[in-house]
Amino acid sequence: MMSRKGIKISAEICRILLGGVFIFSGFVKAVDPLGSAYKFQEYFSVFGMPWMEPATLVASFVLSAFEFSLGVSVLLGISRRFTSVLTFLFMSFMTLLTLYSAIVNPVTDCGCFGDALVLTNWETFYKNIILLLASVFLLKWKKYIIPVLTEKLSWFGLLWSYIFIFSISFYCFFNLPIFDFRPYKIGTNIPQSMEIPEGFPHDKYETTFIYEKSGVRKEFTVDNYPANDSSWTFVDARTKLVAKGYIPPIHDFSIMLPDKSDITDIILADTSYTFLLISYSFDQAEDSNIDIINEVYDYARMYNYKFYCLTASPSESVSDWIENMGAEYSICTSDETTLKTIIRSNPGLLLLKNGTIINKWHYRNIPQEDKLNKSLSSIELGKIPPDHTRKKIIYSVIALFLPLGLIFLFDYLLYRRKRKEEKKIEIGDII
């Protein structure tokens, strides 16, 4: 039997583990709501539920908010009984779902941590087994969890968690994600990210040759096939992957002109600036800022910068876009998934130089004419902006915990201290 102290310590470990994982999981989904929506769309597609696809964005917002707020509730000990039951039920469902995904492998990445931490389906299942066990212990030992806030103010902790996480989600939806975990973040050199570093393994393939002799077919390897024996007749050759090698962060970036010529290397090797207008689907693209986009194109022509539009739209949609939007720029073809990964905006604008991503803009934030009054080399827009990741993390932590800390102080002064004084008086009266 575990001692009372051991149970308390174990309960606290489970609380911190579950609360921390849920908060992290919900937060990284919230900063990339479109990415989570794409993952839901993938799941609905493989499970034969296309009728659910219109709800993907709503599902993205709801799941991130649910996970984040559940994590805050676990961490603060809010409604211990209800929270522990809800945590157990949620982890039971997710464990069964990830077990199915691990066995059937309908998608290669579950998206449980967005793009911040990519796990295989089996790694996700093992992670969920640990969290499920922690939820069982928390359900059993919930009475040993000490609430951070009293019942009179615990509602504020839950309310603030929803306000905080929905604010993050909406901001990142109407702009670009405040944290970019994808391989196409600002400052990335695309050619370098497409290379396999020295010493890293390449894909290994095995080729089998099938020859026939006197009506009998036999398989040979590359080392023993009868190359000099004319009595054997070649029938077929089969190649299969026997060992997966290192996959570079960027491995599917390509740009094709309408005549099917590949200009990827030309664009990536350009020492000047290149604007790439990204729209994975013209039919779903927002066209309210098309005049600003055309102004950027005119600016690019003025300073002899290249300007291309990348899309995965069919030819009919391309023709409609050119006619309706007055597009004079070259429209190239690229992979839809790649375009969705490059920028969470449809359309969005990317600025390249020497194959490096200098900047990128949501269609709501594309620089206007007053900012494009000089060559890019002489203004800030043509330079890689400073990396404020550390500041953003600090500001996010402060924004979440400062209000909670203030309400805890208020709770202590108004309720907890008063309750302690009442207990002292009761004990004094008994004595």
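For the structure itself, consult the block above.
Residues numbered from 1 in each chain as written. Predicted model: local features only at pLDDT ≥ 70, side-chain atom pairs only at ≥ 80, totals over all residues. Heavy atoms only, no water.

**Q** What am I meant to see in the overall build of the protein here?
**A** Looking only at helices and strands, the protein features 12 helices and eight strands. For a compact globule of 431 residues, the expected C-alpha radius of gyration is about 22 Å, and the protein comes in at 28 Å, more than 25% above that figure. When burial is assessed residue by residue, the protein has 43% of its 431 residues classed as buried. Considering only intrachain contacts with a sequence separation of at least 6, the fraction spanning at least 24 residues in the protein is 74%. Accessible area of the protein: about 24,200 Å², with a carbon and sulfur share of 59%. (Helix = DSSP H or I, 4+ residues; strand = E, 2+ residues; numbered from the N terminus. Rg over C-alpha atoms; globule rule 2.2 N^0.38 Å. Buried < 20%, exposed > 50% of the residue type's maximum accessible area, 1.4 Å probe, protein only. Contact = heavy atoms within 4.5 Å. Areas by Shrake-Rupley, 256 points an atom, 1.4 Å probe, with all protein chains shown as cover.)

**Q** I keep staring at the side chain of S64 and nothing clicks. Help me out?
**A** Relative to the elements of secondary structure, S64 occurs in helix α3 (residues 56-76). Side-chain polar atoms of S64 contact the backbone oxygen of S60, separated by 3.2 Å. Within the structure, S64 has its side chain in polar contact with the backbone oxygen of F61 (distance 3.0 Å). In this structure S64 touches G26, K29, A30, I165 and S169, once residues within four positions along its chain are discounted. (Polar contact = N/O pair within 3.5 Å; in protein donor to acceptor, adjacent residues only side chain to side chain.)

**Q** Would you mind showing me how to read the pattern of salt bridges here?
**A** Oppositely charged side chains can form a pair if their charged atoms are brought close together. A complete count under the given rule lists 13 salt bridges for this structure. Where D180 meets K360, a salt bridge forms, and the shortest distance between an N and an O atom there is 2.9 Å. Of the two residues, D180 is situated in the loop between α6 (154-174) and α7 (190-193) and K360 in strand β8 (residues 356-362); the sequence distance between them amounts to 180 residues. The exposure class of K360 is buried, given its relative accessible area of 7%. Note that E212 and R217 form a salt bridge whose closest N and O atoms lie 3.2 Å from each other. Residue classification places E212 among the partly exposed positions, given a relative accessible area of 26%. Assessed through its relative accessible area of 57%, R217 is described here as exposed. Here the salt bridges do not stand alone but share partners, grouping D32, D115 and R344 into one network. (Salt bridge = Lys/Arg side-chain N within 4 Å of Asp/Glu carboxyl O.)

**Q** Is there a simple way to explain the sheet that holds strand β1 (residues 204-213) in this structure?
**A** To summarise the sheet geometry, strands pair through backbone hydrogen bonds and adopt either a parallel or an antiparallel arrangement. Taken in spatial order, the three strands of this open sheet run β2-β1-β3, and their pairing is antiparallel. A strand with exactly one partner marks an edge of an open sheet, and here the two such strands are β2 (216-221) and β3 (233-243). Averaged over all adjacent pairs, the angle separating strand axes in this sheet is 25°, with direction ignored. (Pairing = 2+ DSSP bridges. Axes fitted to C-alpha atoms, helices over the stretch in contact; angles between N-to-C directions.)

**Q** How do you make sense of the nonpolar core when you look at a structure like this?
**A** Across soluble globular proteins, nonpolar side chains have a tendency to be buried as a group. Residues F275, F307, W321, Y329, L349, I366 and L376 are the most contacted members of the largest nonpolar core, which totals 31 residues. Mapped by element, the contributors of at least two residues to this core are β4 (273-279), α9 (290-302), β5 (306-311), α10 (315-325), β7 (348-353) and β8. If one sorts the elements of this core by residue count, α9 sits on top with seven residues. With residues near it in sequence (within four places) discarded, W321 still touches F282, A285, I290, G326, A327, Y329 and I331. Counting 24 residues, the second-largest nonpolar core is a separate cluster that includes I7, F90, V107 and A134. (Core = buried A, V, L, I, M, F, W, Y, C linked by side-chain atoms within 4.5 Å.)

**Q** Would you mind showing me how to read helix α4 (residues 80-104) here?
**A** Residues three or four positions apart in an α-helix share a direction because the helix packs 3.6 residues into each turn. The first and last C-alpha atoms of α4 sit 36 Å apart over 25 residues, in line with the 36 Å expected at 1.5 Å per residue. Inspection of α4 places T83, S84, T87, F90, M91, T95, T98, S101 and A102 among the buried residues, and these make up the whole buried set. Looking one or two places after α4, you find N105, whose phi comes out positive at around 60°. (Expected span 1.5 Å × (residues − 1).)

**Q** In this structure, what is going on with the environment of Y100? I would like to understand it.
**A** Note that Y100 resides in helix α4. Looking at Y100, the relative accessible area reads 38%, which means it is partly exposed. Taking the C-alpha atoms as reference points, Y100 and F125, separated by 25 residues in sequence, lie 9.1 Å from one another. Residues contacting Y100, with those up to four places away along its chain left out, are F47, N105 and P106.

**Q** What am I meant to see in a nonpolar patch on the surface here?
**A** A cluster of nonpolar side chains, contributed by V46, F47, L99, Y100, I103, V104, W122 and Y126, occupies part of the molecular surface with about 740 Å² of accessible area. Sorting the residues of the nonpolar patch by element identifies α4 and α5 (121-140) as the ones contributing at least two each. Within the secondary structure layout, W122 lies in helix α5. Overall, the relative accessible area of 39% leaves W122 in the partly exposed class. (Patch = residues over 30% accessible without salt bridge, like charges linked within 9 Å, V, L, I, M, F, W, Y side chains within 5 Å.)

**Q** Honestly, the sheet that holds β8 in this entry has me stumped. Any pointers?
**A** Across the sheet, which stays open at both edges, the five strands sit in the order β6-β5-β4-β7-β8 with mixed pairing between neighbours. Two strands close off the open sheet at either side, each with one partner strand: β6 (330-333) and β8. Strand-to-strand twist of the sheet, defined as the mean angle between neighbouring strand axes without regard to direction, takes the value 25°. The pairing of β4 with β5 spans six bridges and is classified as parallel. Following the sheet pairing, S279 is matched in β5 by T311.

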